[in-house]
Structure formats: C-alpha cells, structure tokens
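Chains, contacts and geometry: an overview
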Amino acid sequence: MAEKILVVEDESKIARFLELELKHEGYEVEIAYDGRDGLERAQEGEFDLIILDLMLPLMSGIEVCRRIRKFSNIPIIMLTAKDDISDKVTGLDSGADDYITKPFAIEELLARIRAALKRKTIAIKEAQPELITAGKLTLNKLQHKVTYDGEEVFLSKKEYDLLLYLMENKGIVLDREKLIENVWGYDFIGDTNVTDVYIRYLRSKIDQKYGDPFIKTIRGVGYIFESQE
Ligand code: CA
C-alpha cells in the first residue's frame, strides 16, 4: 500500500508542485491550505508523514506541530521560508523531526522523506515488544504507562501489575490463585479475594469509565481479559 503524505502549504503553486512530485514517487497525497485544516486532517486521516509549512494562515506551522504531537508521533518535516536559525530551532522544539529551507531541491526533500519514513518503520519495530494493545487500550511496558484512546489511565503499582498480567494472557481464563501467584507473588499471605478488589479497581478506571468491558468474570473460576476487536 502506498504511503500517505499530508502536505500543509498555503502557497498553491508549491502545494501543487509537491503533490505532483510526491505522486510521481508513488506516494498518496492530501493537501491542506491552512493550519487549521491541516490539523483537522492530521487528526482524522491515517498519514505516514506530514510536510508542514511554517508560515500558514489561521494557525502557524509551529502551533499545528505542537498540537499534532499531543496525539501522534508521526514524522513531520517542516518547510521554512527563510534560512533563519531561530525558525529551525522553534520548529524542532515544537516536535518536528526535520526541516528544509525554501527554496529546496525536490531530490533533497524526497531523500528527507525516505529517511523519515525509514526511521519511523525502525522505531515501530523496536517499540512493539514494549507495547501491548487491546482495542483502544495500550500498555507501554517501557514507560509503565497505560492509555485508553490516547488518554492516560492512572493506575497504582498493583493495578498496573495486574493489568499487565491480564493483558499478557489475553483470552486465557485465570483463576484467583494464578493471579495471586503471578501478581502478588508466591509469598503472599492473605485472602485471595484481594484479586476481586483489584479487578474492581481496574474495572472502575477502565471498563466502566470508558464503557468498554475488557475484564469478564467467569463464575466460580476467575477472570478473562478480552477485547472487543
Ligand atoms: Ca506559507
């Protein structure tokens, strides 16, 4: 499948030139002519890379970049009109991966695009073992962070450990003893009903909060983690 690039550029001549050149290279291209439209398209569409002009009507490239970074780490290449060091610094500060100064040679931009897409592929490959996902729920083992549809879910240490174990054993029925053994440890002394308490905490923070049930009770046995997808 062709990789999809969003071009946010108000100068129609440049925008059309980029569209033509990128399509010629085999990319799918969408154009936005102002910052606000660019941000909306970035939120709605599935793009592999964004080429973002710095000076844009309605919302500056810097602001667009900052806002995109709140929900996505898609590669962004900034186009800066002037060879101004402060613009570059601001562009990179706002989360852009790379920048190119106008006027630019199309070969140089294409090379930057290829490099950015390659970095993205490598990053995804490397990141994957650290991420466990189930529908809109994502657990990042490296960062000890859980998100639902991009929103962070704040969990205590035990809640996190329990969720991790459940997600790693997706689709498998787990009885209370197994949960105790693997989450609380062999030396746990106490009532196995503690698992029910923590399952309830998780459900209130995820299943019930987002109306998306992941943890199901198997009566008389234990629990199973399943996602709708
Ligand atoms: Ca412009």
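For the structure, check the block above.
**Remarks on the coordination of the calcium ion**
- The coordination sphere of the calcium ion, as far as protein atoms go, consists of Asp10 (OD), Asp53 (OD) and Met55 (O), spread over 2.1 to 2.3 Å.
- Along the chain, the residues that donate to the calcium ion are spaced as D-x42-D-x1-M.

**Concerning helix α2 (residues 35-44)**
- Where α2 is concerned, the buried positions are Gly35, Gly38, Leu39 and Ala42. For α2, the angular spread of the buried residues around the axis is 95°, confining them to a single face.
- Considering only its buried residues, α2 is in contact with β1 (4-8), β2 (28-32), β3 (49-53) and α3 (61-69).
- You can read the cap of α2 off the contacts: a side-chain oxygen lies 3.0 Å from the backbone nitrogen of Arg36, and it is on Asp34.

**Re unusual backbone geometry**
- For the bond running from Lys102 to Pro103, omega is -5°, close enough to zero to count as cis.
- Residue position: Pro103 is located in the loop between β5 (98-101) and α5 (106-127).
- Positive phi values are uncommon outside glycine, yet Leu58 reaches one of about 70°.
- Within the secondary structure, Leu58 is located in the loop between β3 and α3.
- Judged by relative accessible area, which is 56%, Leu58 ranks as exposed.
- Although it is not a glycine, His144 adopts a positive phi angle of roughly 55°.
- Among the secondary structure elements, His144 is positioned in the loop between β7 (137-140) and β8 (145-148).

**Comments concerning the sheet that holds strand β10 (residues 174-175)**
- In spatial order, the strands read β10-β12-β11; together these 3 strands make up an open sheet with antiparallel pairing. Each having just a single partner strand, β10 and β11 (215-218) make up the two edges of the open sheet.

**Re the nonpolar core**
- Counting residues in hydrophobic clusters, the biggest one holds 28 residues, and the most contacted among them are Leu137, Leu163, Leu166 and Phe225.
- Looking at this core, the elements that each hand over two or more residues are β6 (131-134), β7, β8, α6 (157-168), α7 (176-184), α8 (194-210) and β12 (222-225).
- The element contributing the most residues to this core is α6, with 7 residues.
- Aside from chain neighbours lying at most four places away, what touches Leu137 is Ile132, Val146, Thr147, Tyr148, Leu163, Met167, Ile206, Phe214 and Phe225.

**Topic: the pairing of β11**
- Strand direction decides the pairing type here: β11 and β12, joined by 4 bridges, are antiparallel. Across the sheet, the residue bridging to Thr217 is Tyr223, located in β12.
- A loop of 3 residues connects β11 with β12, the two strands running antiparallel in sequence, and Gly220 in this loop sits at a positive phi of about 75°.

**A few points about the pattern of salt bridges**
- With the rule as written, the count across this model stands at 18 salt bridges.
- Here Lys4 makes a salt bridge to Glu30, at a shortest N to O gap of 3.6 Å. Here Lys4 is found in strand β1, whereas its partner Glu30 is found in strand β2, with 26 residues between them in sequence.
- Accessibility expressed as a relative area gives 22% for Lys4, which makes it partly exposed.
- Accessibility expressed as a relative area gives 24% for Glu30, which makes it partly exposed.
- The residue Arg112 makes a salt bridge to Glu108 at a minimum N-O spacing of 2.6 Å. One end of the pair, Arg112, and the other, Glu108, are both in helix α5, 4 residues apart, so they sit about a helical turn from each other.
- The structure contains a network of salt bridges with shared partners spanning Lys4, Glu30, Asp37 and Arg41.

What counts, and at which threshold
- Residues numbered from 1 in each chain as written.
- Predicted model: local features only at pLDDT ≥ 70, side-chain atom pairs only at ≥ 80, totals over all residues.
- Heavy atoms only, no water.
- Donors = N, O, S within 2.8 Å, 3.2 Å for Na, K, Ca; no water.
- Buried < 20%, exposed > 50% of the residue type's maximum accessible area, 1.4 Å probe, protein only.
- Helix = DSSP H or I, 4+ residues; strand = E, 2+ residues; numbered from the N terminus.
- Arc of directions from axis to C-beta.
- Contact = heavy atoms within 4.5 Å.
- Polar contact = N/O pair within 3.5 Å; in protein donor to acceptor, adjacent residues only side chain to side chain.
- Pairing = 2+ DSSP bridges.
- Core = buried A, V, L, I, M, F, W, Y, C linked by side-chain atoms within 4.5 Å.
- Salt bridge = Lys/Arg side-chain N within 4 Å of Asp/Glu carboxyl O.

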